[in-house]
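Fold and geometry: a report
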Amino acid sequence: MAIINRIGDFTAEMTEWRHWMHQHPELGFECHETAAFVAEKLRAFGVDELHEGIAESGLVAIINGQGEGPTIGLRADMDALPITEETGADYASLVEGKMHACGHDGHTSMLLGAAKYLAETRNFTGRVALIFQPAEEGGGGARVMCEEGIIERFDISSVYALHNATELPLGMFATTPGPMMAAVDDFDIHVRGSGGHGAAPQMTKDPLIAAVGLVQAIQTIVSRNHATTDDLVVSVTQIHSGSADNIIPDTAYINGTVRSFDKGVQAMVISRLEALCKGHALAYDVDIELKYNKGYPPTINHPAETEKAVQVAQEIAGEDSVDGDTLRGMWSEDFAYMLEKCPGAYLNLGQDTPISVHHPAYDFNDEILPIGASFFARLVERLEPAK
């Protein structure tokens, strides 16, 4: 593993930073304490510009290289999850009901490590824009930062991000050109009937039976309405109704998620859900209301930038530890909004731990801190080498 020596020298510092952030998790856009911690470090490193309060608590720091050139964006997410921690670590969360269960504390520490190195050495031309983003976990912080103009304001020509991957071997990079992660949507369906005594169902309009029929019909969207060559997931994840064994309820509620890569496929799912709801309302003599909520778009890597990132990853980890054509997954990531605005690539970095993200016993593997920081730093140096 070709970790940059200077970055290796302050691995212990990165670990301390990560553990402090792990103890002080914040949710959504309310990453103010984390942002203040990051800003303090960036000022100490001697960045040339520091712009705070973007998307409420996001930051962008600028480091100038040795001459004129493009601006490369490097992004890390800062927010935690509403989960009660069960790691038992001596640096476990000090905030009840909140924890860094996805490794964003590690992502931020890796980018801080790269920032310290780049500010010291400046062995590149152009500029690097260090993007510290809140609200990746459902809030769409990347979208808000883009809406507030960070790509245009800082003239970012390409943008890159890393995410830890528990299932990959330690230090292995994985990415792919084109679609890498899916668009994520969700839907809410409210079924309203007329309840009554369970002994006299003929006097009711049973929303529970209508809901069960509708849930079964929703399964046909994937099995009968889409081409087998198009990746699509439609999962019903909640159904709630009733309160007692002898009462037919007035209402039922259905909730689920939709994962897709193609806008045409997404439109088909919406159309079929609308038709199924309308048909079941008529068939069961109930009222059915569908609310379809579009979420993050698909994460689509740009081929040229992905190839450049793969080459740098191979330099850091070796060719055998880089998968540049990995299978795309049905996860989602709001970095997709930045990739819609300018070219770039998203990569996973293996940390080889048995417990997956979004689990109360998950923890980031500190061994990959210098690997990720070295990748970020070397990427800048290779894309815009000093003259």
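Once a new chain begins, its residue numbering starts again from 1 and follows that chain's sequence as written. In keeping with the predicted nature of the model, local features appear solely for residues at pLDDT of at least 70, side-chain atom pairs appear and are counted solely at 80 or more, and the whole-chain, interface and lining totals rest on all residues. As a rule here, side-chain values cover all heavy atoms of the structure and leave hydrogens and water aside.

**Observations concerning the overall build of the chain**
Rule in force here: Only runs of H or I of at least four residues qualify as helices and only runs of E of at least two qualify as strands under DSSP, and these elements are numbered from the N terminus. Exposure categories follow from relative accessible area, calculated using a 1.4 Å probe and restricted to protein chains: below 20% of the type maximum is buried, above 50% is exposed, and the middle band is partly exposed. Only heavy atoms enter the contact rule, under which two residues are in contact if any of them lie within 4.5 Å.
A tally of regular secondary structure across the chain gives 12 helices and 16 strands. By its C-alpha atoms, the chain is 80 × 45 × 40 Å across when sized along the principal axes. A total of 387 residues make up the chain; the buried ones form 56% of that total. Sequence-distant contacts in the chain: of pairs separated by 6 or more residues, those separated by 24 or more amount to 82%.

**What to know about the sheet that holds strand 10 (residues 232–241)**
We apply this condition: Here, a strand pair is defined by DSSP locating no fewer than two bridges between the strands. For helices, the axis comes from a line fit to the C-alpha atoms of the stretch in contact; other axes are also lines fit to C-alpha atoms, and the angle between any two N-to-C directions lies between 0 and 180 degrees.
What the 4 strands build is an open sheet, ordered 10-12-8-13; its pairing is antiparallel. Across the chains shown, the open sheet's two edge strands, defined by having one partner strand only, are strand 10 and strand 13 (287–294). Averaged over all neighbouring strand pairs, the angle between strand axes comes to 15°, with direction disregarded. Where strand 10 lies against strand 12 (residues 251–260), 9 bridges are found, and the strand directions are antiparallel. Each bridged residue has a counterpart across the sheet, and for L232 the counterpart in strand 12 is S260. The strands touched by helix 7 (residues 207–218) within the sheet are strand 8 (183–192), strand 10, strand 12 and strand 13, with strand 12 carrying the most contacts at an inclination of about 15°. Sheet strands touched by helix 9 (residues 263–284): strand 8, strand 10, strand 12 and strand 13. Its angle to strand 13, the strand with the most contacts, is close to 165°.

**Remarks on the pattern of salt bridges**
Keep this limit in mind: The salt bridge definition used is simple: a Lys or Arg side-chain nitrogen within 4 Å of an Asp or Glu carboxyl oxygen.
Evaluation of the coordinates by the stated rule reveals 20 salt bridges. Salt-bridge contacts for D285 lead to K205; the nearest nitrogen and oxygen are separated by 3.4 Å. Of the two residues, D285 sits in the loop between helix 9 and strand 13 while K205 sits in the loop between strand 9 (196–197) and helix 7, which places them 80 residues apart along the sequence. Note on D285: relative accessible area 47%, which makes it partly exposed. Here R378 ties to E315 by a salt bridge, and the two come within 3.5 Å at their closest N and O atoms. Of this pair, R378 sits in helix 12 (residues 369–383) while E315 sits in helix 10 (residues 303–317); the two residues are 63 residues apart in sequence, bridging distant segments of the chain. Judged by relative accessible area, which is 16%, R378 ranks as buried. Each of R18, D105, D363 and D366 takes part in a single network of salt bridges with overlapping partners.

**A look at the nonpolar core**
Rules: For the purposes of this section, nonpolar cores are sets of buried Ala, Val, Leu, Ile, Met, Phe, Trp, Tyr and Cys residues that join through side-chain atoms within 4.5 Å.
With 57 residues, the main nonpolar core has L42, I63, L74, L130, F132, F173 and F375 as its most contacted residues. The residues contacting F375, other than those within four sequence positions of it, are L162, F173, A309, V312, A313, I316 and L347.

**What about the packing of aromatic side chains?**
Where we set the bar: Only Phe, Tyr and Trp rings take part, Trp by its six-membered ring, and two of them pair if their centres are within 6.5 Å. Stacked means planes under 30 degrees apart, edge-to-face means over 60, and tilted covers everything else. As a reminder, the over-ring test applies to NZ of lysine and CZ of arginine, requiring each to be within 6 Å of the ring centre and within 35 degrees of the ring normal.
On inspection of all chains with the given rule, the structure shows 6 aromatic pairs. A centroid spacing of 4.4 Å and a plane angle of 5° characterise the contact between W20 and F37, whose relative ring orientation is stacked. One end of the pair, W20, is in helix 2 (residues 11–23); the other, F37, is in helix 3 (residues 32–45), with 17 residues separating them in the sequence. Look at W20 and you get partly exposed, because its relative accessible area is 24%. Aromatic side chains F173 and F375 sit 5.3 Å apart centroid to centroid with 40° between the ring planes, which places their arrangement in the tilted category. Highlighted residues: F173 in strand 6 (residues 173–174) and F375 in helix 12, separated in sequence by 202 residues. A relative accessible area of 0% means that F173 is categorised as buried. Assessed through its relative accessible area of 0%, F375 is described here as buried. Here the aromatic residues F173, F375 and F376 are joined through ring pairs into a cluster of three or more. The ring of F261 carries R328 above its face, with NZ or CZ at 4.1 Å from the centroid.

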